Amino acid sequence: MKLAKVVGNVVSTIKTPSHQNKKLMVVIPVDATGKECGDAMIAIDHFHAGVGDYVLVIEEGGSAREILGDPKGAFDAVIAGIVDRLH
């Protein structure tokens, strides 16, 4: 699981069937102070995060499929929670 910041939305008119009706967000991994520390990635948003939110991202397909309830979905990363604040 990684800490990340949501920096944008992805708009796609054509998606694989498992991605239909799913919200895609651009997230950048951050350290505990909020400083960027990795490359941007796309994650499916399951918890209604918005741009500027700090989130927890799972980058493991099996866990992502479990969270989304789709055992055959083509998922790499999913937002698994929204962080209220960093200390």
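Located above this text is the structure these notes cover.
We now turn to the structure provided with this report. Sequence order as written defines residue numbering, which begins from 1 separately in each chain. Residue-level local features of this predicted model are given only where pLDDT is at least 70; pairs of side-chain atoms are given and counted only at 80 or more, and the full residue set underlies all totals for whole chains, interfaces and linings. Calculation of side-chain values draws on the structure's entire complement of heavy atoms; hydrogens and water are dropped beforehand.

**Some details on the nonpolar core**
The criterion is simple. A nonpolar core is a set of buried Ala, Val, Leu, Ile, Met, Phe, Trp, Tyr and Cys residues joined through side-chain atoms within 4.5 Å. Each residue is placed in one exposure class: buried if its accessible area under a 1.4 Å probe, protein chains only, is under 20% of its type's maximum, exposed if it is over 50%, and partly exposed if it falls in between. Core analysis: the largest hydrophobic core is formed by 11 residues, namely A4, V6, M25, V27, M41, A43, A49, V55, V57, A77 and I79. Helix numbers and strand numbers start at the N terminus; a helix is a DSSP run of H or I with at least 4 residues, a strand a run of E with at least 2. For this core, the secondary structure elements donating two or more residues are β1 (2-10), β2 (23-29), β3 (41-45) and β4 (54-58). Residues count as neighbours in contact if any of their non-hydrogen atoms are within 4.5 Å of one another. The residues touching M25, leaving out its near neighbours within four places in the chain, are V6, G8, N9, V10, M41, I42, A43, D45, A49, G50, V51 and I79. Core analysis: the next-biggest nonpolar cluster, separate from the first, contains 7 residues, I44, I58, A64 and F75 among them.

**Thoughts on the pattern of salt bridges**
Salt bridge, as used here: a side-chain nitrogen of Lys or Arg that lies within 4 Å of a carboxyl oxygen of Asp or Glu. Tallied over the full model, the rule gives 2 salt bridges. In this structure, K2 engages E59 in a salt bridge whose closest nitrogen and oxygen atoms are separated by 2.8 Å. Placement of the pair is K2 in strand β1 and E59 in the loop between β4 and α1 (61-68), with a sequence separation of 57 residues. The exposure class assigned to K2 is partly exposed, which follows from its relative accessible area of 35%. Note that K23 is salt-bridged to D45, the shortest N-O span being 3.3 Å. Of the two residues, K23 sits in strand β2 while D45 sits in strand β3, which places them 22 residues apart along the sequence.

**A word on the environment of E60**
By the element assignment, E60 lies in the loop between β4 and α1. For E60 and A40, which are 20 residues apart along the polypeptide, the C-alpha to C-alpha distance reads 16 Å. Distance and chemistry together define a polar contact, namely a pair of N or O atoms within 3.5 Å, with one atom able to donate a hydrogen and the other to accept it when in protein, and with adjacent residues in sequence counting only for side-chain atoms on both sides. There is a polar contact of 2.7 Å between the side chain of E60 and the backbone nitrogen of S63.

**Quick word on the sheet that holds β1**
Spatially, 5 strands are ordered β1-β2-β3-β5-β4 in a closed barrel, and the strand pairing comes out mixed. Taken pair by pair, the neighbouring strands of this sheet meet at an average axis angle of 55 degrees, ignoring direction. Where β1 meets β2, 6 bridges bridge the pair, whose relative direction is antiparallel. Of the residues in β2, the one forming a bridge with G8 is V26. The axes used here are C-alpha line fits, helices contributing only the stretch in contact, and every angle between their N-to-C directions lies in the interval 0 to 180 degrees. Packed onto the sheet, α1 meets β3, β4 and β5 (78-83) and runs at close to 70 degrees relative to β5. Here, strands pair whenever DSSP counts at least two bridges between them.

**Quick notes on the side chain of S18**
Relative to the helices and strands, S18 resides in the loop between β1 and β2. Accessibility expressed as a relative area gives 11% for S18, which makes it buried. Of the polar contacts made by the side chain of S18, one reaches the side chain of H19; its length is 3.4 Å. Leave out the neighbours within four places in its chain, and S18 touches D70, G73, A74 and F75.

Spatial relationships are all this shows, so hold off on functional conclusions.
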